[in-house]
Structures are given as C-alpha cells and as structure tokens.
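Okay, here's what each chain looks like letter by letter:
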Amino acid sequence: MVEPDDRAGRPGGRAAAVGKGLAAGLAGTAAMTVSSTLEAKLRGREASIAPARAASKVLGVAPVDEQGERRFNTLVHWGYGTGWGAARGIFAAAGLGGVGATLAHLGAVWGSEQVALPATGAAPPATQWGAAEVAVDVWHHVVYAAATGVAYRWLDRR
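Before going into details, it helps to say that this report is about the structure given with it. (Residues numbered from 1 in each chain as written. Predicted model: local features only at pLDDT ≥ 70, side-chain atom pairs only at ≥ 80, totals over all residues. Heavy atoms only, no water.)

Counting residues in hydrophobic clusters, the biggest one holds six residues: Ala17, Ala24, Ala92, Ala93, Ala151 and Tyr152. Of all the secondary-structure elements, those providing two or more residues to this core are helix 1 (14-43), helix 3 (66-93) and helix 5 (131-155). Within the second largest apolar cluster, five residues are counted, among which are Ala50, Leu117, Ala122 and Ala123. (Core = buried A, V, L, I, M, F, W, Y, C linked by side-chain atoms within 4.5 Å. Buried < 20%, exposed > 50% of the residue type's maximum accessible area, 1.4 Å probe, protein only. Helix = DSSP H or I, 4+ residues; strand = E, 2+ residues; numbered from the N terminus.)

Have a look at this one:
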C-alpha cells in the first residue's frame, strides 16, 4: 500500500502521481494497441472506430472521410488511454497501490466505456455483443490496466 500524500508538486505528491499516471497511461495504451492490433489481424476484423464515433458525438466534430475518421480514431484512442492514466496516479496518491489500484483502474476504464459507447450511440451495450466479444474487450482492457500499473510502479520506484 502506498501512503497518501497531499503535498501536490513534491516527489510523491498528487501532481507527481498524476504526471506519472499520464506517462503510465501512454505505456498502457501502447500495450493495448499491440494487443488489439494482433487480435484484429488474427480474427480478420477491422479496427474498431467506436472511439471516433463517441468522441465525434461528444465534441461535435465529424471527420470528412474514412481516412480522417481513422486518424481521428487513433488520436482519440491514444488521448483517452493516456488521459485515463491520470486516474491510476490519483489512486496511488489516495493510498491505493499495487493490484488494488490496477483493479480499480480497470473497473473505472472499462466501466466508463460500457456507459459512454452506448450513451453516444457509438456501440450497442455489451449485453448485445455476445460472450466472445465481451471477453476480447475485457482482455484488451486488462492488458491496458496491467501495463499501466506496471509502468506506474516502475515510474514510482523510490
């Protein structure tokens, strides 16, 4: 367990924890990208564009063509994953560490996806996906959360 530290801006403080979380989220996003790219190739499926669809609705922007949608999707994917790393840092700053922080992070990230994608019309609810698709989606998020957790612990070593 990590001790809570409210000395924002100092080593071990909240600002440092959020910064480490952002860097760890970038590493987690890279791991998830590798995982989902390999899975898509093995299963012969196209990459999901649900992130671009959700962000388009929320931000009120629309790519003009398929290539623009793919680029926007990539930006959203990397921004979303990196940004969610901040939550991992906040969990650590609050005193939650190790596996507990990784599980909380996984729940927060996957749970938010399960609310946001159907709410924006970007994807149907997971209850309509089928067991295999839910398992694949959970797996990619486990890869993300685990890699983010490992990266965070490495960045936070003392």
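This part covers the pattern of salt bridges. By the definition in use, this model includes five salt bridges. Across the salt bridge formed by Glu39 and Arg45, the nearest N and O atoms sit 2.4 Å from each other. The exposure class of Glu39 is buried, given its relative accessible area of 10%. Given a relative accessible area of 30%, Arg45 falls into the partly exposed group. (Salt bridge = Lys/Arg side-chain N within 4 Å of Asp/Glu carboxyl O.)

Here we come to the packing of helix 2 (residues 50-59) against helix 3. Two elements in contact, helix 2 and helix 3, have axes whose closest approach is 8 Å; the angle formed by their N-to-C orientations is 85 degrees. Considering their axes alone, helix 2 and helix 3 lie roughly perpendicular with respect to each other. For the pair formed by helix 2 and helix 3, the contact residues are Ala50, Pro51, Ala52, Arg53, Ala55, Ser56 and Leu59 on the first element and Glu69, Phe72, Asn73 and Val76 on the second. When grouped by side-chain class, the residues that make up the contact of helix 2 with helix 3 number seven nonpolar, two polar and two charged. (Axes fitted to C-alpha atoms, helices over the stretch in contact; angles between N-to-C directions. Parallel < 35°, antiparallel > 145°, perpendicular 65-115°, else oblique. Contact = heavy atoms within 4.5 Å. Nonpolar A, V, L, I, M, F, W, Y, C, P; charged D, E, K, R; others polar.)

The topology assignment puts His105 in helix 4 (residues 98-120). On the accessibility criterion, His105 (0% relative accessible area) is buried. Discounting chain neighbours no more than four positions away, the residues touching His105 are Trp84, Gly85, Ala87, Arg88, Phe91, Tyr144, Ala145 and Thr148.

A few words now on helix 3. The first and last C-alpha atoms of helix 3 sit 41 Å apart over 28 residues, in line with the 40 Å expected at 1.5 Å per residue. The opening residue of helix 3 is Asp65, an N-cap whose side-chain oxygen sits 3.4 Å from the backbone nitrogen of Gln67. Positive phi shows up at Gly95, right after helix 3, with a value of about 105 degrees. (Expected span 1.5 Å × (residues − 1). Polar contact = N/O pair within 3.5 Å; in protein donor to acceptor, adjacent residues only side chain to side chain.)

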